Amino acid sequence: MSANRTYQQLEAYIREQMRMSHVYQPVMLRVLLENGGTASTEDVAKALLSYDRSQVEYYEIRTKNMVGKVLTQNGVIEPIKDGRRITGYRLAAGYLTTEETGALVDLCQQRLTDYINQRGDGIWGHRSIADGYVPGSVRYEVLKRAKYRCELCGAHEEHAALHVDHILPRAKGGSDDLSNFQALCVTCNTNKRDRDDTDFRDVLASYGIRDQACIFCTIGEDRIIAENELCYAIRDGFPVTPMHTLVIPKRHVADYFDLYQPELNAIQALVKEQREQILSADSSVTGFNVGINAGTDAGQTIFHVHVHLIPRRQGDVADPRGGVRGVIPEKQKY
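Everything quoted here is computed from the prediction, not taken from an experiment. (Residues numbered from 1 in each chain as written. Predicted model: local features only at pLDDT ≥ 70, side-chain atom pairs only at ≥ 80, totals over all residues. Heavy atoms only, no water.)

A.B. asks: So what's going on with the overall build of the chain? Which residues, and what values?
C.D. replies: Counting secondary structure elements, the chain contains nine helices and nine strands. A compact globule built from 334 residues should have a C-alpha radius of gyration of about 20 Å, whereas the chain, at 27 Å, is more than 25% larger. Along the first, second and third principal axes, the C-alpha set of the chain runs to 75 × 65 × 55 Å. Across the chain, the 40 positively charged side chains and the 44 negatively charged ones have centroids separated by 3 Å. (Helix = DSSP H or I, 4+ residues; strand = E, 2+ residues; numbered from the N terminus. Rg over C-alpha atoms; globule rule 2.2 N^0.38 Å. Lys, Arg positive; Asp, Glu negative; His and termini not counted. Charge placed at Lys NZ, Arg CZ, Asp CG, Glu CD.)

Set out below in structure tokens:
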């Protein structure tokens, strides 16, 4: 096969045939191309790691909570902050010459080399919070069961590194049976550590809770105008204004304040999406009321959370001032 033909075939594959469900294919091909057509698995893995935001997040947490804190307490560095959030660090040192800087870099490298030679792979034990190796087959089954989401906060593996960890730690007599594993993101698992045997799998299972007596749990598919994994949208059956929309969690839950954070995120995303669609569909819309009734005394009549997105138009009422304060009419104007 000629070199020209090979180039054309590769170009056609990359440009037209490559079906991407992740970054892996173009990254691996780029590494091979940049290394004369051959690369070790370690080379490819390092390149993939450079795109993995979840792993960067993992070490950002450790930078702030561990090494950054120790060096700050010892007066060696100072945190750089944006408000209360630490965004970086600076050396707490005066002017250093090029020679002094080089000598200190060499000293750090020497300490690092000595430590690695002494401890070997054991220095990375903190990456495996479970006590021991979790077989790939177990990890796969646990992540599949969790739908590749943290079973506590709901974070997807695309947004946070997921750990497969024991529910009852081995240190407390926990077994390696599949039933004793759960998927937690790096943040939740780090906070949990091995002192807590809380089983978060019920949280994931609860997303599937439905009440057959609830009209929002049994809504007809023909009424659904949009949805995501955790919520859906319909037009209100008794609209306050044209295109009055309800955004409703799929899980049967009565009170807004009992929603999980992933559900709040999903509802917010769908509210924004519907707002944009309404604005595109009707140029007369100039504002919105967004409201939730939580409890009988707040006017709730259907005890399945639903968020009202009510389009407003200039002149739809004589005086709109006060907006949602109108739930108590005499308090609307102020």
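Now, onward.
A.B. asks: Residues and numbers for the sheet that holds strand β5 (residues 224–227), please.
C.D. replies: The five strands lie next to each other as β5-β6-β7-β9-β8, forming an open sheet whose pairing is antiparallel. If you trace the sheet from one side to the other, it starts and ends with β5 and β8 (285–291), each paired once. On average, adjacent strands in this sheet sit at an angle of 25 degrees to one another, irrespective of strand direction. Both β8 and strand β9 (residues 307–313) contribute to a ladder of six bridges, which runs antiparallel. Counted as the bridge partner of V290 is L309 from β9. (Pairing = 2+ DSSP bridges. Axes fitted to C-alpha atoms, helices over the stretch in contact; angles between N-to-C directions.)

A.B. asks: Give me the lowdown on helix α9 (residues 261–281), citing residues and values where you can.
C.D. replies: The terminal C-alpha atoms of α9 lie 30 Å apart, and with 21 residues this matches the ideal 30 Å at 1.5 Å per residue to within 8%. Those residues of α9 that sit buried are P262, E263, A266, I267, L270, V271, Q274 and I278. Seen end-on, α9 carries its buried residues on one side only, within an arc spanning 170 degrees. Summarising the geometry of α9, the exposed residues directed more than 90 degrees from the buried face are K272 and S280. (Expected span 1.5 Å × (residues − 1). Buried < 20%, exposed > 50% of the residue type's maximum accessible area, 1.4 Å probe, protein only. Arc of directions from axis to C-beta.)

A.B. asks: I'd love a proper account of the nonpolar core, names of residues and values included.
C.D. replies: Counting 34 residues, the largest nonpolar core has C150, V247 and I267 as the members making the most contacts within it. Elements supplying a minimum of two residues to this core: α6 (136–145), β3 (162–166), β4 (181–185), β6 (231–235), α9 and β9. Per-element tally for this core: the top contributor is α9, with five residues. When residues no more than four places from it in sequence are discounted, the contact partners of C150 are A155, L162, A183, L184, C185 and C188. Core analysis: the next-biggest nonpolar cluster, separate from the first, contains eight residues, C214, Y232, I234 and L246 among them. (Core = buried A, V, L, I, M, F, W, Y, C linked by side-chain atoms within 4.5 Å. Contact = heavy atoms within 4.5 Å.)

A.B. asks: Could you give an account of the pairing of strand β1 (residues 77–82), naming the residues involved and the relevant values?
C.D. replies: One ladder, built from six bridges, connects β1 with strand β2 (residues 85–91); its direction is antiparallel. Note on β2: the bridge partner recorded for I77 is L91. Between β1 and the antiparallel strand that follows it, β2, lie two residues; G83 among them carries a positive phi value of about 70 degrees.

A.B. asks: Summarise the pattern of salt bridges; cite the residues concerned and give the values.
C.D. replies: All chains considered together, the criterion is met by twelve salt bridges. In this structure, R30 engages E34 in a salt bridge whose closest nitrogen and oxygen atoms are separated by 3.5 Å. With a gap of four residues between them, R30 and E34 both fall in helix α2 (residues 24–34), about one helical turn apart. On the basis of relative accessibility, which here comes to 56%, the residue E34 falls in the exposed class. (Salt bridge = Lys/Arg side-chain N within 4 Å of Asp/Glu carboxyl O.)

A.B. asks: An account of unusual backbone geometry is requested, with residue identities and associated values reported.
C.D. replies: Phi angles above zero are rare outside glycine, and K147 is one such case at about 55 degrees. The residue K147 is located in the loop between α6 and β3 in this model. Backbone geometry places Y148, a non-glycine residue, at a positive phi of 55 degrees. On the secondary structure map, Y148 appears in the loop between α6 and β3.

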